[in-house]
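Coordinate inspection notes
Chain by chain, the residues run as shown.
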Amino acid sequence: MQRAARLSPAAAFAVGTLVFGALAAHVLAMHYHEDQALFRWARILGVSDAAHLRFEDFGLIYPHVPFYLLLPFRFLPGLDTPAAPYLLSVLATGLLLALWTRHLARAGLAPGSALWLGLPVLLQPALVRAATTGGTLALGLLFLYALHRSMVRMATRGDIRAFIVLGGTLALYFFTDALSVHLFLALLPLLVLVVPERILRDSPLSVYVILATPLVVAAGSWAYLNWIFEGDFLQFLAAPGSAYRGGWQQVPDLPWLARYGGTWWAAFGAAAVRLFLCYPVLLPLLLAARRHGAHGRALFAFCLLLPAATAFATAQNYLRHPDDLLGLAAAAVMAELALLPESRRPGWRLAFVLALLAGAGYGWYDYAHDRGPVIRPWQQALAGHPQTPPPAGALALGRWLAREREETLIDERSAYHVIAARGDARGLVLSFDERFKLALRRRLPDLRQIAVPDPHSPAGHRDGILARFPHLYDRGLPGYVRVYDRLGWRVYRRREPGEAS
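Residues numbered from 1 in each chain as written. Predicted model: local features only at pLDDT ≥ 70, side-chain atom pairs only at ≥ 80, totals over all residues. Heavy atoms only, no water.

Observations concerning the pairing of strand 3 (residues 449–453)
Across a regular strand the side chains alternate sides, sitting on one face of the sheet and then on the other. We count it as follows: Remark: exposure states derive from per-residue accessible area (1.4 Å probe, protein chains only) relative to the maximum for the residue type, with buried under 20%, exposed over 50%, and partly exposed in between. To qualify as a helix, a DSSP run of H or I must reach at least 4 residues; to qualify as a strand, a run of E must reach at least 2; elements of each kind are numbered from the N terminus. Between any two strands, at least two bridges found by DSSP are needed for them to pair.
The element strand 3 is largely enclosed, with a buried count of 5 among its 5 residues. Burial along strand 3 is two-sided: the residues Gln449, Ala451 and Pro453 and Ile450 and Val452 are all buried. Across 5 bridges, the pairing between strand 3 and strand 5 (residues 489–494) is antiparallel. Residue proline 453 lies in a different strand from strand 5, and its bridge partner there is tryptophan 489.

Next comes the structure, spelled out in structure tokens:
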């Protein structure tokens, strides 16, 4: 007797990584580079090439999980490349597809039915963007998939496992992306829709204590580490370059924050409208879920959760683009398609597919007309239009430093393009190094070379060396001679006794 065909998570992982890997390679070939992805890779090079590998060298103003996941690529032949963050995003998306396929198989969907649902999901622009930008969005999709399933489990079963998964997911997400804080704030008032009434009636306070404790412990431990290594409990919230502060320094350049920054209700309304325009499939999903009582309340709570989290993040001038949060709805849609029995019924399945296609069409239309600096470069690269390549001056200096391997004081916060172009950080004295901090305390640095950008350039505005020695680029320092001057970067080398000028 012939065995019935079954869904294969391994096949879904392989197909997903191949498709999204090809798209990621395409946008990279179009010179698209996500600055945060390149910065993380430069920090990986710096920390892995330091004399001692210490976790605090990754910087306590950045979530650490993306660094830990990238670190193995540094030691894998052929994967030690600035494209590693993009490969990580592709693999995370492939893992999400494999997990979803496993849950579809458990729900009893035949391969043909799953394919009908899967193809429109793969067309969602937020999913494609998450997989091909090298940032934390792909990891966020995994977390939101787990978060939504735990919300539904909590509403329908109310067991301790749902509480543990929900609280643990938020705590681990805190170390992956600062968006977790805004999600948590938005979730608190919505728990009355998710937690079973009998539990709220018997012990309402315990619900909040159990859910909040993992995240509070995570944030508290992070504050403690900031105090130990930086001398300030709130350094990760106060530092100008902190990832936990988001796009507050770019408000005039970000259309979303320029229009809604600092507001709550206006941002919530705009986010809610955008959510249902990009994911009209939520409407038939809500209609199907309401037939299952508590399940419907959980989905309704989720439909409020993302706009509310977007509003909290926008009110704090954190969110660079609304889809950084609203795009995570793709994970909840995938979870619902595997959870709801209506996905196995042809009529409902057709409604879901048509709504998914409509949302994908609107999403791509919106992305094509987006003029902001977050979406447009990626969308243009995906469409085959070459983008501005990395700064030529940084690439030239990186190649020069690869040849001139002197001990060099350089700030990776302004020179991450330089370090990526060099290919390693051996011999470089970076901002987390004690020698870097000591050099900035002295009247004159006691290092062989110093590399600094033009103080009037964007890199110059971020450079800690120039902040300490503001005239270094133009005038140099006593005892140092200029040995490199090209395309907005200068290198000064200390003249040793008896060395010719």
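Quick notes on the environment of tyrosine 473
Basically, it comes down to this: By definition in these notes, contact holds between two residues if any of their heavy atoms fall within 4.5 Å.
On the secondary structure map, tyrosine 473 appears in helix 27 (residues 472–475). Remark: the alpha-carbon pair of tyrosine 473 and aspartate 454, spanning 19 residues in sequence, is separated by 6.5 Å. Here tyrosine 473 is in contact with Val452, Pro453, Asp454, Pro455, Leu466, Asp485, Gly488, Trp489, Arg490 and Tyr492, once residues within four sequence places are set aside.

Here we look at the pairing of strand 5
Within strand 5, 5 of the 6 residues are buried, which leaves it mostly tucked inside the rest of the structure. With 6 bridges connecting them, strand 4 (residues 480–486) and strand 5 associate as antiparallel partners. Bridging across to strand 5, tyrosine 484 finds its partner in valine 491. Between the antiparallel neighbours strand 4 and strand 5 lie 2 residues, among them leucine 487 with a positive phi of about 50 degrees.

Here we look at the layout of surface pockets
To keep it simple, the criterion reads: Only protein atoms enter the 1 Å grid used here. Points where a 1.4 Å probe fits but cannot escape make up a cavity, open sets with protein on both sides within 12 Å along at least five of seven lines make up a pocket, and a residue lines them when an atom lies within 4 Å of a point. Grid points are joined across faces, edges and corners, and a volume is the space filled by probe spheres set on the points. Three categories are distinguished: nonpolar for Ala, Val, Leu, Ile, Met, Phe, Trp, Tyr, Cys and Pro, charged for Asp, Glu, Lys and Arg, and polar for the others, with Gly belonging to the last.
Considered as a void within the structure, the second largest pocket measures approximately 670 Å³ in volume. If you go around the second largest pocket, you meet 23 residues; those closest to its centre are His103, Ala146, Arg149, Ser150 and Arg153. Of the residues forming the lining of the second largest pocket, the biggest block, 10 residues, is contributed by helix 7 (residues 137–156). In the lining of the second largest pocket, the residues fall into 12 nonpolar, 6 polar and 5 charged.

Some points on the state of the cysteines
We apply this condition: Disulfides are defined in this document as cysteine sulfur pairs within 2.5 Å.
All told, the structure shown has 0 disulfides when counted by the stated rule. No disulfide involves cysteine 278; its nearest neighbouring cysteine sulfur is the one of cysteine 303, lying 13 Å away. With relative accessibility at 6%, the residue cysteine 303 sits in the buried group.

A closer look at unusual backbone geometry
The phi angle at histidine 31 is positive, at roughly 65 degrees, despite the residue not being glycine. Checked against the element boundaries, histidine 31 lands in the loop between helix 1 (9–29) and helix 2 (35–48). We note that leucine 487 has phi near 50 degrees; this positive angle belongs to a residue other than glycine. Note that leucine 487 resides in the loop between strand 4 and strand 5. Relative accessible area serves as the criterion here: at 54%, leucine 487 is assigned to the exposed category.

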